[in-house]
Amino acid sequence: VLADAPACLEREELSFIMIKPDGVQRGLISDIIARFERKGYKLVGIKVLVPTQALAAKHYAEHDGKPFFPKLVNFLSSGPVVAMVWEGKSVVKYGRTMIGATNPLASPPGTIRGDYGIDTGRNIIHGSDSVESAQREIALWFKAEELADYTPSTAAWVYE
Ligand code: GDP
Ligand code: MG
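Residues numbered from 1 in each chain as written. Chains lettered and ligands numbered in written order. Predicted model: local features only at pLDDT ≥ 70, side-chain atom pairs only at ≥ 80, totals over all residues. Heavy atoms only, no water.

This part takes up the side chain of K42. Looking at the secondary structure, you find K42 in strand β2 (residues 42-49). Residue K42 is classed as buried on the basis of its relative accessible area of 9%. Of the polar contacts made by the side chain of K42, one reaches the backbone oxygen of Y150; its length is 2.4 Å. Setting aside chain neighbours within four positions, we find K42 in contact with V85, W86, E87, Y150, T151 and P152. (Helix = DSSP H or I, 4+ residues; strand = E, 2+ residues; numbered from the N terminus. Buried < 20%, exposed > 50% of the residue type's maximum accessible area, 1.4 Å probe, protein only. Polar contact = N/O pair within 3.5 Å; in protein donor to acceptor, adjacent residues only side chain to side chain. Contact = heavy atoms within 4.5 Å.)

With antiparallel pairing, the four strands of this open sheet are ordered in space as β2-β3-β1-β4. Both edges of this open sheet fall to β2 and β4 (125-127), since each of them pairs with a single strand only. Recorded for the sheet is a direction-independent mean angle of 15° between the axes of neighbouring strands. In terms of strand pairing, strand β1 (residues 14-19) meets strand β3 (residues 81-87) through six bridges, oriented antiparallel. Within β3, the position partnered with F16 by the bridge is V85. Sitting on the sheet, helix α5 (residues 91-99) is in contact with β1, β3 and β4, with an inclination near 25° to β1. Against the sheet, helix α7 (residues 131-141) makes contact with β1, β2, β3 and β4, and its axis sits at roughly 60° relative to β1, the strand it touches most. (Pairing = 2+ DSSP bridges. Axes fitted to C-alpha atoms, helices over the stretch in contact; angles between N-to-C directions.)

Next up, the structure:
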C-alpha cells in the first residue's frame, strides 16, 4: 500500500465544522464526529471553547444587520462549542449535505439537522458553505500549528 500510495497523501479540501452550544448540551458530540469519521473524512483540528461575543460576531459577519443577528451571536457565545476542521475530497459541499438545510424542519431525515433539530435558531451545527468561507473560518478559529497533517493507515481503503 505504501509503495502504491493514493493521491490522498496530499492535503485535501478542508471545512470548518462546529457543534453549536445546543448540540453540545444535547449530547450529540460523539454522534456528529462519528458521522464524519465513518464517511471517511479526516479530523485534523478540534477544540472545545466558549466563544466570545466578538468571535461569534466575526464568524457570522455576513449576517451582521439582519434581525436575527444579535440572538445568533448571543446564542453562539452562550456555552461551549466544539470547533473542528475536517479534511477530505469535497468535504465542504458534502459536509453541507450531511448537515442538511438551515431550517431543521425542511431538512430530510438522515441529515444531522433533520435527525436532531426543530427550530432554525437551534440547528445544532455549523458547516462552511464554500471553500473560501472555510479558509476564512479556519483562520479565525485555529492557528496553523493546531491543524495536524497525517495520513491515516486506512487512506487507501477510502480513496482509489
Ligand atoms: P447555515 O449556513 O445553514 O447555518 O445558515 P445561514 O448562514 O443562513 O445562517 C447562520 C445561522 O443563523 C443559522 O444556522 C441559524 O442558526 C441562524 N439563522 C439563520 N436564519 C435565521 C432566521 O431566520 N431566524 C433565526 N432565529 N436564526 C436564523
Ligand atoms: Mg452559513
